[in-house]
Amino acid sequence: MPLVLKSSAFDDGDLIPDRHTCDDADFSPPLAWSGVPEGTQSFAVALENPDVPHGTWTHWLLYDIPPGTDHLSEWVLTQPQLLNGALQGMNDFGFVGYNGPCEQSSTHTYVFTLFALDSMLDVAPGIPTSELKVAMKGHVLDTAKLSCTYITNL
């Protein structure tokens, strides 16, 4: 069974609800997954916007999510380490934790990616995307993606 990532807040490709954007509360959405590959020792989640002119913009990095976890509740706190031991990285806004869609103009696609990893990562909280990708290299067992769309309310 393949790794699958879903949200109870929106279906793949749908508009992301305002409560998960800077137009409202900017809470991270609830996420759930299934089809975890054998040997998974941790998970990581990234939220990225590939539609920005200068490349991809990272909105959220969460890693060292313990094995056996199959969901994230809405509104993951924006702190370096969570109660379950998971760590959060530095997004491209320069903050630790989730900063949801918040574009100045047009329509953008956002992609949540779940990584099933064969180990915990030996990295500190607050690392940027580039360091997380290096740490995950050779440890990814499977990935699942969930996309959403954001249309600016400005």
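Please read all numbers here as calculations on a predicted model, not as lab measurements. (Residues numbered from 1 in each chain as written. Predicted model: local features only at pLDDT ≥ 70, side-chain atom pairs only at ≥ 80, totals over all residues. Heavy atoms only, no water.)

Helices and strands together make up the secondary structure of the chain, namely one helix and eight strands. Taken from N to C terminus, the helices and strands of the chain fall in the order β-β-β-β-β-β-β-α-β. The C-alpha radius of gyration of the chain comes to 15 Å, within 12% of the 15 Å expected for a compact globule of 154 residues. Seen through its principal axes, the chain has C-alpha atoms that stretch 45 × 30 × 30 Å. The buried share of the chain, reckoned over its 154 residues, is 45%. Sequence-distant contacts in the chain: of pairs separated by 6 or more residues, those separated by 24 or more amount to 72%. Carbon together with sulfur atoms contributes 54% to the accessible area of the chain, which is approximately 7500 Å² in total. Positive and negative side-chain charges of the chain, numbering 5 and 19 respectively, have mean locations separated by a distance of 5 Å. (Helix = DSSP H or I, 4+ residues; strand = E, 2+ residues; numbered from the N terminus. Rg over C-alpha atoms; globule rule 2.2 N^0.38 Å. Buried < 20%, exposed > 50% of the residue type's maximum accessible area, 1.4 Å probe, protein only. Contact = heavy atoms within 4.5 Å. Areas by Shrake-Rupley, 256 points an atom, 1.4 Å probe, with all protein chains shown as cover. Lys, Arg positive; Asp, Glu negative; His and termini not counted. Charge placed at Lys NZ, Arg CZ, Asp CG, Glu CD.)

The subject of this paragraph is the state of the cysteines. Going through the model one piece at a time under the given rule, you end up with one disulfide. Each sulfur in the disulfide pair Cys22 and Cys102 lies 2.0 Å from the other. One disulfide, between Cys22 and Cys102, carries an S-S torsion of 85 degrees and so falls in the right-handed class. On the criterion of sequence distance, the pair formed by Cys22 in the loop between β1 (4-6) and β2 (31-34) and Cys102 in the loop between β6 (87-88) and β7 (107-117) is long-range, its members being 80 residues apart. Assessed through its relative accessible area of 32%, Cys22 is described here as partly exposed. For Cys148, which is in no disulfide, the shortest distance to another cysteine sulfur is to Cys22 and amounts to 13 Å. (Disulfide = S-S within 2.5 Å.)

Inspection of the entire model under this criterion finds six aromatic pairs. Pairing Phe10 with Phe112 gives two aromatic rings, centres 6.1 Å apart and planes at 35 degrees, and the pair type is tilted. Placement of Phe10 in the loop between β1 and β2 and of Phe112 in strand β7 is noted, with a sequence separation of 102 residues between them. For Phe10, a relative accessible area of 5% gives the class buried. What makes Phe112 buried here is its relative accessible area of 0%. (Phe/Tyr/Trp six-rings, centres within 6.5 Å; stacked < 30°, edge-to-face > 60°.)

Before going further, it helps to spend a moment on the sheet that holds strand β4 (residues 55-65). On the basis of which strands lie adjacent, the open sheet formed by five strands has the order β6-β4-β3-β7-β8 and antiparallel pairing. Both edges of this open sheet fall to β6 and β8 (140-151), since each of them pairs with a single strand only. Where β7 lies against β8, 11 bridges are found, and the strand directions are antiparallel. Residue pairing in the sheet places His108 in a bridge with Tyr150 of β8. Its contacts with the sheet put helix α1 (residues 129-136) on β3 (42-52), β4, β7 and β8, and the angle it makes with β4 is roughly 50 degrees. (Pairing = 2+ DSSP bridges. Axes fitted to C-alpha atoms, helices over the stretch in contact; angles between N-to-C directions.)

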